[in-house]
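# Topology and contacts: notes
Given next are the chains, with one letter for each unit.
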Amino acid sequence: MSFYGVELKSRLLLGTSRYPSPAILAEAIKASAAEVVTVSLRRESGSDRAGQSFWSLVRALGVRVLPNTAGCHSVKEAVTTAHMARELFDTKWIKLEVIGESDTLQPDVFGLVEAARILSEDGFEVFPYTTEDLVVADRLVEAGCRVLMPWGAPIGSARGLNNVYGLKSLRAHFPGIPLVVDAGLGVPSHAAAAMELGYDAVLLNTAVAEAGDPVAMARAFALAVEAGRTAYLAQPLEPRDMAAPSTPVIGKAALGD
Amino acid sequence: MLAPWCERATTDAAVAVKGALALDWWAGHFPGTVRQGTLVVAQPRDAADLTRFAGRTDHFDWADADRIAALEPDLAGRFRRGLFFAGEGHLEPRRALAALVERLAEHGVPVRFGVDLLPEAAPGDLVVDCRGLAARDALPDLRGVRGEMVVVRCRDVALARPVRMLHPRIPLYIVPRGDGLFMIGATMIESEQRGPVSVRSAVELLNAAYALHPAFGEAEIIELGADLRPAFPDNLPQVRREGRVVHANGLFRHGFLLAPDLARQVADAISMETNDADFPERRRA
């Protein structure tokens, strides 16, 4: 799997917020074998790089950092945050979030496309957090995005894949674009389900960070992602309406009078 | 707040064990310690969080609407379910500190404020360094975690105990301070910015109070406070010895809860030193 030319072995990406402590975060990352972690700049920043101590801890994990624009509600905010991220983390990668609705944190897809275009033209490699809407996805690709990150369900809701049909459809329409289910996953089986649909990877935070044992849960998600991917490659059966008995029924010995 | 069992929801088990001992310590040393428990509630939309909180903690009873009304009459009819941690307590930190200073003075211990002094320059055979984040020169793995709080005055609501309102982003609590004062805290942001409270944080904190009881909408804002909590990477406090300096630090957001245990660790470190000096053969052994 490759994002913007960077080859990765792990198909699990993790967020870094809400862990009980940075030490547990570090252990969870290790247990997950994730190679990419997202870091929020919006809250941890401030004009004087006030999040430096925490970012240093994240950098020390030795994984690739995907900075995000979490908490940005406008194109201008998101673009400014992306520039700050490029400078701080020395990376062209940016996970672009433009929030349209404060309660559900649903993406503002109009602002998202606009910000994606501005940032792509400016040399960024954009990972847009979007819905499963095909037309929006098309516009994002047109704007320069070479990775798409549709939601499974609203952030932190732990509901899993809300619209399997929409996600399947997106996969079918963009066979050549890496697709990452981002947000809304609650348990490892949700991650496995996303991978079984042929998604390239999953990104999650709360499900691991707020688990009773984040380290064990990180490992569980890693196993589920591997299982789901292996199952996808093994070409699983399609569901059917009627039973298909694996042994013939004709000719069976029948007991009667 | 002295809430060892509520804290278990998001922290190491050691915090609950050591924090539970702090309840008796504070009650024995500060008469203003109140042991009326903690009530935990959630908005209907966050009901799942209440179940999850219950799953992570112990020493509580489920409280139905009647029990909530009996505990906090002003919250009658506002919440159908909650958790009551009867053994927990709370105190007013500034009054508690002032009481400790008074107590030290009674024992003939001088306390000087506003002295600019590094531990290595301090006189004496032993120096206990409790400078918090200012000790980063000696403790490089210490970091600051920003916390913000609001104090409001509201005459129309009375609470007998701290109320935690489960919130998706903030470990949020409202603590009655008497005389109509309430402390609403506290954000937890991985930032070392010491500046004033942000509008976003203030809105989230005040919104929570308003959601707990609409009368808070008419409350007066008395204080908006922001500062940094000193924390090690595991968010647990430590005592470290370097020559004649004993560093006690990293209390994170559990200053009052874990201070008695940390002080005991410091005392142990010092008494061991004293004993070793008195009995040099023990050191050789």
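The residue count restarts for each chain, going from 1 along the sequence in the order it is written. Naming scheme: in the order in which they are written, chains are lettered from A and ligands are numbered from 1. Where local features are concerned, this predicted model is filtered to residues with pLDDT of at least 70; where side-chain atom pairs are given and counted, the filter is 80 or more; whole-chain, interface and lining totals use all residues. Note: side-chain values were computed over all heavy atoms of the structure, leaving out hydrogens and water.

## What about helix H9 (residues 214-233) of chain A?
Residues and elements named next belong to chain A. Between its terminal C-alpha atoms H9 stretches 29 Å, which fits the 28 Å expected from 20 residues at 1.5 Å a residue. For the exposure calls, accessible area comes from a 1.4 Å probe over protein chains only, and a residue counts as buried if that area is under 20% of its type's maximum, exposed if over 50%, partly exposed in between. In this text, helices come from DSSP runs of H or I with a minimum length of four residues, and strands from runs of E with a minimum of two, each type numbered from the N-terminal end. Taken together, the buried positions of H9 are Pro214, Ala218, Phe221, Ala222, Ala224, Val225, Gly228 and Arg229. Summarising the axial view, the buried residues of H9 lie within an arc of 165°, below the 170-degree limit, and thus occupy one face. In the core, the buried residues of H9 are packed alongside strand S3 (12-15), helix H1 (22-32), helix H7 (188-196), strand S12 (201-204) and helix H8 (206-209). Residue glutamine 235 follows H9 closely and has a positive phi angle near 55°. Here the expected length of a helix is defined as 1.5 Å per residue gap, with one fewer gap than residues. The reported arc concerns the directions from the helix axis to the C-beta atoms and nothing else. Contacts are assigned to residue pairs that have any heavy atoms within 4.5 Å of one another.

## Some words on unusual backbone geometry
Most peptide bonds take the trans configuration, and most residues that are not glycine carry a negative phi. Residue Ala186(B) follows Gly185(B) across a cis peptide bond; omega there is -15°. By secondary structure assignment, the location of Ala186(B) is in the loop between strand S8 (181-185) and helix H6 (199-212). At Arg18(A), a position not held by glycine, the phi torsion is positive, near 70°. Note that Arg18(A) resides in the loop between S3 and H1. For Arg18(A), a relative accessible area of 37% puts it in the partly exposed group. At Asp90(A), a residue that is not glycine, the phi angle is positive and equals roughly 55°. Residue position: Asp90(A) is located in the loop between helix H3 (75-89) and strand S6 (93-96).

## So, the interface of chain A and chain B
If you look at the interface, chain A gives 22 residues, while chain B gives 19 residues. Reported buried area values correspond to the accessible surface (1.4 Å probe) lost by two parts on association, with both partners' losses combined. Regarding the contact of chain A and chain B, the summed buried area is about 1700 Å², with carbon and sulfur atoms giving 43% of it. Each reported salt bridge corresponds to a side-chain nitrogen of Lys or Arg within 4 Å of a carboxyl oxygen of Asp or Glu. At the junction of chain A with chain B, the criterion picks out 1 salt bridge. For the salt bridge of Glu210(A) with Arg52(B), the shortest nitrogen-to-oxygen distance reads 2.9 Å. Pairs of N or O atoms are called polar contacts if they sit within 3.5 Å, as long as, within protein, a hydrogen donor faces a hydrogen acceptor (for residues adjacent in sequence, only side-chain-to-side-chain pairs). At the boundary of chain A with chain B, the tally comes to 6 residue pairs in polar contact (both at pLDDT 80 or more). Within the residue set of the side of chain A that touches chain B, elements represented by two or more residues are H1 and helix H2 (52-59) of chain A. Looking at the side of chain A that touches chain B, the element that brings in the most residues is H2(A), giving 3 residues. Here the term charged refers only to Asp, Glu, Lys and Arg, the term nonpolar to Ala, Val, Leu, Ile, Met, Phe, Trp, Tyr, Cys and Pro, and the term polar to all other amino acids, Gly among them. Counted by class, the side of chain A that touches chain B contains 7 nonpolar, 8 polar and 7 charged residues.

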